[in-house]
Amino acid sequence: MNQPASASSLSTSLANAGPTRVAVISAGWHADIVGQARESALAEFERQGLPRSQVELFEVPGAFEIPLHAQALARSGRFDAVVACALVVNGGIYRHEFVTTAVIDGLMRVQLDTGVPVFSAVLTPRDFHDHEEHRQFFHAHFAKKGTEVAQACLRTLASLNSLAQLQR
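All figures in this text were calculated on a predicted structure; none of them were measured in a lab.

Considerations on the overall build of the protein chain
- When helices and strands are tallied, the protein chain shows 5 helices and 4 strands.
- Scanning the protein chain from its N terminus toward the C terminus, one meets helices and strands in the order α-β-α-β-α-β-α-β-α.
- Among the 168 residues that make up the protein chain, the fraction classed as buried is 43%.
- Nonlocal contacts in the protein chain, meaning residues at least 24 apart in sequence, comprise 78% of its contacts between residues at least 6 apart.
- Carbon and sulfur atoms form 55% of the exposed surface of the protein chain, whose accessible area is close to 9,100 Å².

Structure (structure tokens):
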């Protein structure tokens, strides 16, 4: 069974691949909550040995705009991975389900079409109400998800680097 890679093995594997560049795209809608994912991802990248100077931040109005930006960033050749952060809320109509499906499907398409891994911290809670209890919960939840998405990003990059080494 595969065990999560340690910070030192991730750093070694990534160092063998050369400088790693990551783009992080954040939606501006509910920026105070979404920003928790972005900031905790940045902190986790640093903890794992990826300096802040190798992570570039981008902001878009909402989640719906993320896939097109992810595609442009992936095609640019400047980034080894793209991370997306957004909160898509249920505003009482079913539109949020279509937005979420479009965003997640779009992100998957970007990574399959470009070969650049794309990671999602685009979350759609079943219920989100703009009151203090939910805001506190989602602040903490997005911070946790930011850490997790950064870990998934680094582990995937290390794994892809290992696969590339096998093909040489």
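Here the narrative resumes, following the displayed structure.
Description of the packing of aromatic side chains
- Tallied over the full model, the rule gives 1 aromatic pair.
- When the centroid spacing of 6.0 Å and the interplanar angle of 85° are considered together, the rings of F58 and F79 count as edge-to-face. With F58 in strand β2 (residues 55-60) and F79 in the loop between α3 (66-75) and β3 (81-87), this pair connects stretches of sequence that are 21 residues apart.
- Among the residues examined, F58 registers a relative accessible area of 23% and is labelled partly exposed.

Here we look at the nonpolar core
- Counting residues in each nonpolar core, the largest one holds 24 residues, and the members touching the most others are V22, F45, V83, F142 and C153.
- Sorting the residues of this core by element identifies β1 (22-27), α2 (31-47), β3, β4 (118-123) and α5 (132-167) as the ones contributing at least two each.
- A per-element tally of this core places α5 first, with 7 residues.
- When near neighbours in sequence (up to four residues on either side) are disregarded, C153 contacts V22, F45, A81, V83 and F119.
- Among the nonpolar cores identified, the runner-up in size contains 21 residues, and F79, V103, V110 and V116 belong to it.

Digging into the sheet that holds β3
- Reading across the sheet, the 4 strands line up as β2-β1-β3-β4 and stay open at both edges, with parallel pairing between neighbours. Looking at the sheet topology across the chains shown, the edges are occupied by β2 and β4. In this sheet, adjacent strand axes meet at a mean angle of 15° when their direction is disregarded.
- Pairing of β1 with β2, which is carried by 6 bridges, proceeds in the parallel orientation. The residue bridging A27 from the neighbouring strand is V60, located in β2.
- Where helix α4 (residues 95-114) meets the sheet, its contacts fall on β3 and β4, and the angle it forms with β4 comes to roughly 175°.

Here's the deal with the environment of I33
- With respect to the secondary-structure elements, I33 resides in helix α2.
- When its relative accessible area of 0% is taken as the criterion, I33 is described as buried.
- For the pair I33 and F137, spaced 104 residues apart in sequence, the C-alpha to C-alpha distance is 9.6 Å.

Examining the side chain of T147
- Looking at the secondary structure, you find T147 in helix α5.
- Those residues in contact with T147 that sit more than four places away from it in its chain are S40, A41, E44 and R47.

Regarding the pairing of β1
- The buried count for β1 comes to 6 of 6 residues, which makes it a mostly enclosed element.
- The two faces of β1 match: V22, V24 and S26 on one face and A23, I25 and A27 on the other face are all buried.
- Regarding topology, α2 serves as the crossover connection from β1 to the parallel β2, and that connection is right-handed.
- Examined bridge by bridge, β1 and β3 share 5 bridges and lie parallel to one another. Looking across to β3, one finds that I25 is bridged to A84.

The rules behind the values
Residues numbered from 1 in each chain as written. Predicted model: local features only at pLDDT ≥ 70, side-chain atom pairs only at ≥ 80, totals over all residues. Heavy atoms only, no water. Helix = DSSP H or I, 4+ residues; strand = E, 2+ residues; numbered from the N terminus. Buried < 20%, exposed > 50% of the residue type's maximum accessible area, 1.4 Å probe, protein only. Contact = heavy atoms within 4.5 Å. Areas by Shrake-Rupley, 256 points an atom, 1.4 Å probe, with all protein chains shown as cover. Phe/Tyr/Trp six-rings, centres within 6.5 Å; stacked < 30°, edge-to-face > 60°. Core = buried A, V, L, I, M, F, W, Y, C linked by side-chain atoms within 4.5 Å. Pairing = 2+ DSSP bridges. Axes fitted to C-alpha atoms, helices over the stretch in contact; angles between N-to-C directions. Right-handed = clockwise from strand over helix to strand, strands pointing away.

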